[in-house]
Protein chains: 2
Amino acid sequence: MTTSQKVTMFQIALQQRAASVEALLADLLSDMPRNGEISRPPRLMAAIRHGVLNGGKRLRPLLVMESAALFGADNLAALRVAAALECVHSYSLVHDDLPAMDDDDLRRGQPTVHRKFDEAAAILAGDSLLTYAFELIASEETELDAQAKVALISALARAAGLGGMTGGQALDLQAENDNPDEEGIIRLQAMKTGALIRFACEAGAIVGHATAGERERMAEYGSAIGIAYQLADDLLDVTANATEMGKATGKDAAAGKATLVSLYGVEWTRQQLTGLVGQAEELLAPFGSDAALLKDAARFIAERQS
Amino acid sequence: MTTSQKVTMFQIALQQRAASVEALLADLLSDMPRNGEISRPPRLMAAIRHGVLNGGKRLRPLLVMESAALFGADNLAALRVAAALECVHSYSLVHDDLPAMDDDDLRRGQPTVHRKFDEAAAILAGDSLLTYAFELIASEETELDAQAKVALISALARAAGLGGMTGGQALDLQAENDNPDEEGIIRLQAMKTGALIRFACEAGAIVGHATAGERERMAEYGSAIGIAYQLADDLLDVTANATEMGKATGKDAAAGKATLVSLYGVEWTRQQLTGLVGQAEELLAPFGSDAALLKDAARFIAERQS
């Protein structure tokens, strides 16, 4: 098969997994109170669903599910952990889009939550989604032992919090003034986008009760594709247009924000991406053909056009 | 002893517990990266500490620690769960104070986080604190079995999320337009402020490995004092002045927002408070003198002047 045929097959698999996780999220995030809840405010729920059920690629859920499958893990438990991670990812986008943060009007071609509803609804929708992610993993309906749940919650909170995603977002907001060097940019990106992608792959290993060594291997694979994800994103900010991306582009350059692409150029970045795909494939080598889809995921991330 | 002597003794106990939880939070939320964190952005950490280490009464932590002590539970584990709950409470105040929400400039006599720093810092500080609460409970350093941790995380997420605190805040923002009736106001308040106080008391029972019946009894005690807390708050909004409260007062009336005080008057509210204190004391009766401080807590909440 050619690379582009592989990417197309991967996209079909991605769409299948996306449909599963969206069906679960639509059910979980309906207006109907459950598990002893007093009430679910309909307008808040509508804002939450607008922030989650928006045609996202669901790359992180796929990484959770495929990583769990490597270790023969239960599909439904992995799907619920994948949905929890997508709640965290969605909350981060809803808050990042706020006027006080990146101030974006569009997300995947649709108005952002604060544009469609209002800022208060967007803040509360994000807060609710973040909280719900932990509820979902801890839930009795998620059929995992308590130790695996605690390991997942601990790893997710560390990836999403002050030493991970929110810390990285804080560094990113300061980057326009701080002008970080290469080391600073790498650290910022590892925290802002890398930590959650790394968690996705590690989470699959936890759900599958992998050994400590296997868990570390999957986390390293996650780190490699997390770096690739951000490099591809920075490339697209330079090369794509807003219609393809469904959001504003060229913003980093306009804001005078340094990226590795702006420091080292497009050609260097493409070479780095090739190297990272190779690294990801090496890490997955012990799993043989079982890891074919995860290898394709690395290539898809490095080559994506939107 | 007179009631006012009891309240004074309670306040001394409250200050002692507050000092413990603040010392722990100051240590946990320092600038120093820990547990494999890549980095802690200093400005984000400063915003977080401004939102948490601000001389709050630490009522919820006291409820966790005293409830746990009823069941002979380990002090340090209870203290860490208490600190996690205070992170959730603090995050909710930081976000509630934002311009898009209640738009408050002062909190306990100090500038709110978005006034001292900026809106983006306040959003990220709140997000980080909420995430950190779950990290803290799940942490290996919190010496509790995995089942207790999962029970705590599940109950906390339900109390803080879309069927609890954030849901209640969403209802509260709509209340100016919706004009809820008595039932609607009670539901809103049970979610917005009641759920987290209920959790505080239930959490102590979980940390102490109480029976299901004892856990339910502590949750009911928490519900009673949670209602009392909100009624006392509504009374103070009518009767106190901004200097005593360290924040703006009379805001509900100015916003045309209905409270049970505005519906039924000050005298009715005082009678309700007396009834709730009696109910709390009855629920604690089986614990005898071990529950003396929790009985005082109910009275303190009903009678507080700030």
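What counts, and where the lines are drawn
Residues numbered from 1 in each chain as written. Chains lettered and ligands numbered in written order. Predicted model: local features only at pLDDT ≥ 70, side-chain atom pairs only at ≥ 80, totals over all residues. Heavy atoms only, no water. UniProt positions renumbered as here; feature names shortened; annotations may be inferred. Helix = DSSP H or I, 4+ residues; strand = E, 2+ residues; numbered from the N terminus. Buried < 20%, exposed > 50% of the residue type's maximum accessible area, 1.4 Å probe, protein only. Contact = heavy atoms within 4.5 Å. Least-squares fit on C-alpha atoms with pLDDT ≥ 70 in both. Core = buried A, V, L, I, M, F, W, Y, C linked by side-chain atoms within 4.5 Å. Axes fitted to C-alpha atoms, helices over the stretch in contact; angles between N-to-C directions. Parallel < 35°, antiparallel > 145°, perpendicular 65-115°, else oblique. Nonpolar A, V, L, I, M, F, W, Y, C, P; charged D, E, K, R; others polar. Polar contact = N/O pair within 3.5 Å; in protein donor to acceptor, adjacent residues only side chain to side chain.

The name given to chain A in an unreviewed UniProt entry is Probable farnesyl diphosphate synthase, with Phyllobacterium endophyticum as the source organism. Chain A has a UniProt comment under Sequence similarities (unreviewed entry) that states "Belongs to the FPP/GGPP synthase family." Of the comments in the UniProt record for chain A, the one headed Cofactor (unreviewed entry) reads "Mg(2+)".

When helices and strands are counted, chain A shows 14 helices and 2 strands. Seen along its three principal axes, the alpha-carbon backbone of chain A occupies a region of about 55 × 45 × 35 Å. Across the 306 residues that make up chain A, the buried fraction comes to 58%. Partitioning the intrachain contacts of chain A with sequence separation of at least 6 by distance along the chain shows that 72% fall at a separation of at least 24.

For these two chains of identical sequence, chain A goes onto chain B by a turn of 180° and a shift of 0.0 Å along the axis, with RMSD 0.0 Å. Taken together, the rotation and translation describe the operation of a two-fold axis. Minimal C-alpha distance to the rotation axis in chain A is attained by A:Ala146, lying at 2.7 Å. An overlap of 100% is found between the interface residues of chain A and their copies at the interface of chain B, pointing to a shared contact surface.

Counting 205 residues, the largest nonpolar core has A:Leu63, A:Tyr221, B:Leu63 and B:Tyr221 as its most contacted members. When near neighbours in sequence (up to four residues on either side) are disregarded, B:Leu63 contacts B:Ile197, B:Ala200, B:Cys201, B:Tyr221, B:Ile225, B:Leu294 and B:Ala297.

Turning to the packing of helix H7 (residues 146-160) of chain A against helix H9 (residues 182-207) of chain A, a few remarks are in order. All names here are of chain A. Two elements in contact, H7 and H9, have axes separated by 9 Å at closest approach and are oriented at 175°. Compared by their axis directions, H7 and H9 come out roughly antiparallel. Contacts between H7 and H9 involve Ala148, Ala151, Leu152, Ala155, Leu156, Ala159 and Ala160 from the former and Ala195, Leu196, Phe199, Ala203, Ile206 and Val207 from the latter. For the contact of H7 with H9, the residue count by class is 13 nonpolar, no polar and no charged.

All names here are of chain B. Considering the arrangement of structural elements, one finds Asp102 in the loop between helix H4 (75-96) and strand S1 (106-107). Taking the relative accessible area as the measure of exposure, Asp102 reaches 24% and is therefore partly exposed. In this structure, the C-alpha to C-alpha distance between Asp102 and Leu173, residues 71 residues apart in sequence, is 8.5 Å.

With that settled, the discussion passes to the side chain of B:Thr166. Relative to the assigned elements, B:Thr166 resides in helix H8 (residues 165-178). Within polar-contact distance, the side chain of B:Thr166 engages the side chain of A:Ser128 at 2.8 Å. A distance of 3.1 Å separates a polar side-chain atom of B:Thr166 from the backbone oxygen of B:Gly161. Once you skip the residues sitting within four places of it in the chain, B:Thr166 turns out to touch A:Leu44, A:Leu124, A:Asp127, A:Ser128, B:Tyr91, B:Ala160 and B:Gly161.

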